[in-house]
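Below are the chains, spelled out letter by letter.
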Amino acid sequence: MPHDLTDHQMELLARVLQHGGVLSSPFGYSDEDALLPALRKDIAALEEKGLITVTPHAGSSGGETLTLTEEGYAALGMT
């Protein structure tokens, strides 16, 4: 299934893959990271396309876990 992904979205998928298919956030320091809003948009877009699942952490830490789906692995050419 082809996906129209930006370079940043592909990089995020590869980053999740590098962490065994599961990556926990927060990603850096939200008060200092100017790229955080764009990262949030990429995460939402990848989840909407079914390439990752996003699971919020319990409690009020605000973190979440990103997990590659089968479609996410396929988008990276790993079927």
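In short, a report on the structure. (Residues numbered from 1 in each chain as written. Predicted model: local features only at pLDDT ≥ 70, side-chain atom pairs only at ≥ 80, totals over all residues. Heavy atoms only, no water.)

Reading across from one edge, β1-β3-β2 is the order of the 3 strands in this open sheet, with antiparallel pairing throughout. In this open sheet, the two edge strands, each paired with only one partner strand, are β1 (22-24) and β2 (52-56). Pairs of neighbouring strands in the sheet enclose a mean axial angle of 20 degrees, with direction left out of account. Sheet topology places β2 next to strand β3 (residues 64-68); 5 bridges connect them, and they run antiparallel. Across the sheet, residue Pro56 finds its bridge partner in β3, namely Glu64. (Pairing = 2+ DSSP bridges. Helix = DSSP H or I, 4+ residues; strand = E, 2+ residues; numbered from the N terminus. Axes fitted to C-alpha atoms, helices over the stretch in contact; angles between N-to-C directions.)

With that settled, the discussion passes to the pattern of salt bridges. Close approach of charged atoms lets side chains of opposite charge pair. Following the criterion strictly, the structure yields 1 salt bridge and no others. Between Glu64 and Arg40 there is a salt bridge, with the nearest N and O atoms lying 2.5 Å from each other. Placement of Glu64 in strand β3 and of Arg40 in helix α2 (residues 36-48) is noted, with a sequence separation of 24 residues between them. (Salt bridge = Lys/Arg side-chain N within 4 Å of Asp/Glu carboxyl O.)

The topology assignment puts Thr65 in strand β3. Discounting residues that sit within four places of it in the chain, Thr65 has contacts with Val22, Leu23, Ser24, Thr53, Val54, Thr55 and His57. (Contact = heavy atoms within 4.5 Å.)

What follows deals with the environment of Leu66. Here Leu66 is to be found in strand β3. Residues Leu66 and Ile43 lie 23 residues apart in sequence; the distance between their C-alpha atoms is 8.4 Å.

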